[in-house]
Amino acid sequence: MKRILYIAAVCGALLATASSCKKAEPAKEDPVKVTLEVTDIADNCATVRASLESGKFYGAKIIDMMNRDDLAVDLANEIQLVRFIEENGTEITLPYEKKLEKVKIGIERFSAVIAYDSKGIAKSVAYVVWSPEGNPEGWSTDNGAGSLGENEWK
């Protein structure tokens, strides 16, 4: 009888400790957050920079530059934007930097980046709409052909 009582007490103690133990929760990762900036917009050039602000990324895609008018998605709709970048973007590693040259003025431009988590899901998207600055068509307007009075005609 004592043996049965002892076994019941041990089983009860094991059940009590097992139910009071917290189950190990998987460690939470910092959310993936990517940033994008377009700087040095002058002289028909610009610099595109993308970087990881937080979390761990397992891949990224970027659209360096395209005409804003050619963009067929609503920028307020993140799902459409992510799909567009996935279809039209170029794979990169972060941090990323590229200098764009010979950018024509007068047309708004669009740049965007997405970053993926460990499961391959796009978790962060960033975009910038910007206007290039510089000379029309990238040509200098400081130099002229000269005047006819400076030429000697023979």
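Our subject in this report is the structure included herewith. (Residues numbered from 1 in each chain as written. Predicted model: local features only at pLDDT ≥ 70, side-chain atom pairs only at ≥ 80, totals over all residues. Heavy atoms only, no water.)

**A look at the overall build of the protein**
Regarding its fold elements, the protein presents 2 helices and 7 strands. Mapped in sequence order, the helices and strands of the protein form the string α-β-β-β-α-β-β-β-β. A buried classification covers 29% of the 154 residues belonging to the protein. Summarising the internal contacts of the protein: among those between residues at least 6 apart in sequence, 68% fall at separations of at least 24. Entry remark: accessible area of the protein is about 11300 Å², with carbon and sulfur atoms responsible for 52%. (Helix = DSSP H or I, 4+ residues; strand = E, 2+ residues; numbered from the N terminus. Buried < 20%, exposed > 50% of the residue type's maximum accessible area, 1.4 Å probe, protein only. Contact = heavy atoms within 4.5 Å. Areas by Shrake-Rupley, 256 points an atom, 1.4 Å probe, with all protein chains shown as cover.)

**Topic: the sheet that holds strand E2 (residues 45-54)**
Sheet architecture is open: 3 strands sit in the order E1-E2-E5, paired in antiparallel fashion. On the outer flanks of this sheet lie strand E1 (33-42) and strand E5 (96-100), each paired with one strand and no other. Sheet twist, expressed as the average angle between the axes of neighbouring strands with direction ignored, equals 15 degrees. Across 5 bridges, E2 lies against E5 in antiparallel orientation. The residue of E5 that forms the bridge with Thr-47 is Lys-99. (Pairing = 2+ DSSP bridges. Axes fitted to C-alpha atoms, helices over the stretch in contact; angles between N-to-C directions.)

**Description of the pairing of E2**
Taken together, the 8 bridges between E1 and E2 define a ladder with antiparallel strand orientation. Following the sheet pairing, Lys-33 is matched in E2 by Ser-54. In this structure, the hairpin formed by E1 and E2 is closed by a connection of 2 residues, where Asp-43 is found at a positive phi of approximately 50 degrees.

**Considerations on the pattern of salt bridges**
This structure, assessed with the given rule, holds 3 salt bridges. Between Arg-49 and Glu-97 there is a salt bridge; the shortest N-O distance is 3.2 Å. Linking Arg-49 in strand E2 with Glu-97 in strand E5, this pair joins segments that are 48 residues apart in sequence. Judged by relative accessible area, which is 54%, Glu-97 ranks as exposed. For the salt bridge of Asp-64 with Lys-98, the shortest nitrogen-to-oxygen distance reads 3.3 Å. One end of the pair, Asp-64, is in strand E3 (residues 60-67); the other, Lys-98, is in strand E5, and 34 residues separate them in sequence. Overall, Lys-98 belongs to the partly exposed group, its relative accessible area being 35%. (Salt bridge = Lys/Arg side-chain N within 4 Å of Asp/Glu carboxyl O.)

**Description of the nonpolar core**
A general trend in soluble globular proteins is that nonpolar side chains are found buried together. If you look at the biggest cluster of nonpolar residues, it comprises 19 residues, and the most contacted ones within it are Leu-36, Ala-50, Ile-62, Ile-92, Leu-94, Val-113 and Trp-130. Counting residues per element, the ones that place at least two in this core are E1, E2, E3, E5, strand E6 (109-116) and strand E7 (122-130). Excluding anything up to four places from it in sequence, Leu-36 contacts Val-48, Arg-49, Ala-50, Ile-62, Ser-111, Ala-112, Val-113, Ala-126, Tyr-127 and Val-128. (Core = buried A, V, L, I, M, F, W, Y, C linked by side-chain atoms within 4.5 Å.)

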